[in-house]
Amino acid sequence: RKEVEQDPGPFNVPEGATVAFNCTYSNSASQSFFWYRQDCRKEPKLLMSVYSSGNEDGRFTAQLNRASQYISLLIRDSKLSDSATYLCVVAGADSWGKLQFGAGTQVVVTP
Amino acid sequence: DGGITQSPKYLFRKEGQNVTLSCEQNLNHDAMYWYRQDPGQGLRLIYYSQIVNDFQKGDIAEGYSVSREKKESFPLTVTSAQKNPTAFYLCASSIAVGGNQPQHFGDGTRLSIL
């Protein structure tokens, strides 16, 4: 079983709509969680860190569910520029907190 | 501008050849990392370095080597022993090694076999 699993998508979303997707992780001792955005053939860029209380940054909301071992990302009022692959990243509980990357969820926002 | 610079953007390797990918950062970060990304897969860790003159193997270190002689620089050599080197290589850095530290990436090097 992969340590971090994501639905690859694509999630096709009309402009202005809301889209949400989850990421599950296998290590219950994981301590830190992040969402990165990766555009086609570009490097990943940090979108947001995920705190235990959940956090919001503009149109983006991230939630952590430790009991069920998943994190979620919700995008409201989708823009064409939100089209990208969203990578779920989980830090392990080992001494140096190695990051485990999911393979990504592709979101395509259509006019 | 502060950031991470990788070069070259594209690189072609001949059979039996070693090639070196450059990674330089001016963020004053202690920790640096090398990842490989293949289509449909998550990033996989090749090597990481917590501090100058120290580095550790990641999950897929075979066929690769690194050095960390300066804080700013963490070059990766893809040796001829790496039989499937075609991939997108990403260098990253963070303030320190630690799971609560997000990593920031350079814009990558695409390596292909000639």
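Residues numbered from 1 in each chain as written. Chains lettered and ligands numbered in written order. Predicted model: local features only at pLDDT ≥ 70, side-chain atom pairs only at ≥ 80, totals over all residues. Heavy atoms only, no water.

Per the secondary structure count, chain B includes zero helices and eleven strands. Order of helices (α) and strands (β) in chain B, N terminus to C terminus: β-β-β-β-β-β-β-β-β-β-β. Relative to the compact-globule value of 13 Å for 114 residues, chain B shows a C-alpha radius of gyration of 13 Å, a close match. Its C-alpha atoms give chain B principal-axis dimensions of roughly 35 × 30 × 30 Å. Here chain B holds 114 residues, and the buried ones make up 50% of them. Of the roughly 5400 Å² of accessible surface on chain B, 46% is carried by carbon and sulfur atoms. Within chain B, one finds 11 positive and 11 negative side-chain charges whose respective centroids are separated by 6 Å. (Helix = DSSP H or I, 4+ residues; strand = E, 2+ residues; numbered from the N terminus. Rg over C-alpha atoms; globule rule 2.2 N^0.38 Å. Buried < 20%, exposed > 50% of the residue type's maximum accessible area, 1.4 Å probe, protein only. Areas by Shrake-Rupley, 256 points an atom, 1.4 Å probe, with all protein chains shown as cover. Lys, Arg positive; Asp, Glu negative; His and termini not counted. Charge placed at Lys NZ, Arg CZ, Asp CG, Glu CD.)

All names here are of chain B. On inspection of all chains with the given rule, the structure shows two disulfides over all chains. The disulfide partner of C23 is C91, and the gap between their sulfur atoms is 1.9 Å. Between C23 and C91 the sulfur-sulfur dihedral comes to about -70 degrees; the bridge is accordingly left-handed. Residue C23 is found in strand β3 (residues 19-25), and its partner C91 is found in strand β9 (residues 87-94); the two are separated by 68 residues along the sequence. (Disulfide = S-S within 2.5 Å.)

Time to look at the confidence of the model for chain A. The pLDDT averaged across chain A works out to 93; a share of 97% of its residues lies at or above 70. For chain A, strand β10 (residues 99-101) of chain A is the element with the lowest average pLDDT, namely 91, and strand β11 (residues 105-110) of chain A is the one with the highest, namely 98. (pLDDT = per-residue confidence, 0-100.)

All names here are of chain B. Here strand β4 (residues 31-37) pairs with strand β5 (residues 44-51) via five bridges, running antiparallel. Paired with Y33 across the two strands is Y48, which belongs to β5. Bridge count for β5 against strand β6 (residues 54-57) is three bridges, and the pairing is antiparallel. Across the sheet, Y47 pairs through a bridge with K57, a residue of β6. (Pairing = 2+ DSSP bridges.)

Take the sheet that holds strand β3 (residues 19-25) of chain A next. Residue and element names in this part refer to chain A. Across the sheet, which stays open at both edges, the five strands sit in the order β1-β3-β8-β7-β6 with antiparallel pairing between neighbours. The open sheet has two edge strands with one neighbour each: β1 (4-6) and β6 (55-57). With direction set aside, neighbouring strand axes in the sheet form an average angle of 20 degrees. Relative to strand β7 (residues 60-65), β6 runs antiparallel, the two sharing three bridges. Within the sheet, the bridge partner assigned to N55 lies in β7 and is A62. (Axes fitted to C-alpha atoms, helices over the stretch in contact; angles between N-to-C directions.)

So, about the interface of chain A and chain B. Counting from both sides, the interface comprises 18 residues of chain A and, opposite them, 25 residues of chain B. Both sides of the chain A and chain B interface together cover about 1700 Å² of buried area, and 59% of this is carbon and sulfur. Ranking the residues of chain A by area buried against chain B places R41, W96 and F101 of chain A at the top, with a combined share of 36%. Seen at the junction of chain A and chain B, the total is one salt bridge. (Contact = heavy atoms within 4.5 Å. Buried area = accessible area lost by both parts, 1.4 Å probe. Salt bridge = Lys/Arg side-chain N within 4 Å of Asp/Glu carboxyl O.)

A word on the sheet that holds strand β7 (residues 64-66) of chain B. Residues and elements named next belong to chain B. Taking strand neighbours across the sheet as the criterion, the four strands line up as β1-β3-β8-β7 in an open arrangement whose pairing is antiparallel. Each end of this open sheet is capped by a strand with a single partner; those strands are β1 (4-7) and β7. Pairs of neighbouring strands in the sheet enclose a mean axial angle of 20 degrees, with direction left out of account. Bridge count between β1 and β3: four bridges; the pairing is antiparallel. Pairing of T5 across the sheet is with E24, part of β3.

Residue and element names in this part refer to chain A. By the bridge criterion, six bridges tie β3 to strand β8 (residues 70-75) in an arrangement that is antiparallel. Opposite V19, over in β8, you have I75 as the bridge partner. Alignment of β7 against β8, held across six bridges, turns out to be antiparallel. Bridge pairing links A62 to L73 in β8. Hairpin connection from β7 to β8: four residues lie between these consecutive antiparallel strands, with Q69 at a positive phi of about 55 degrees.

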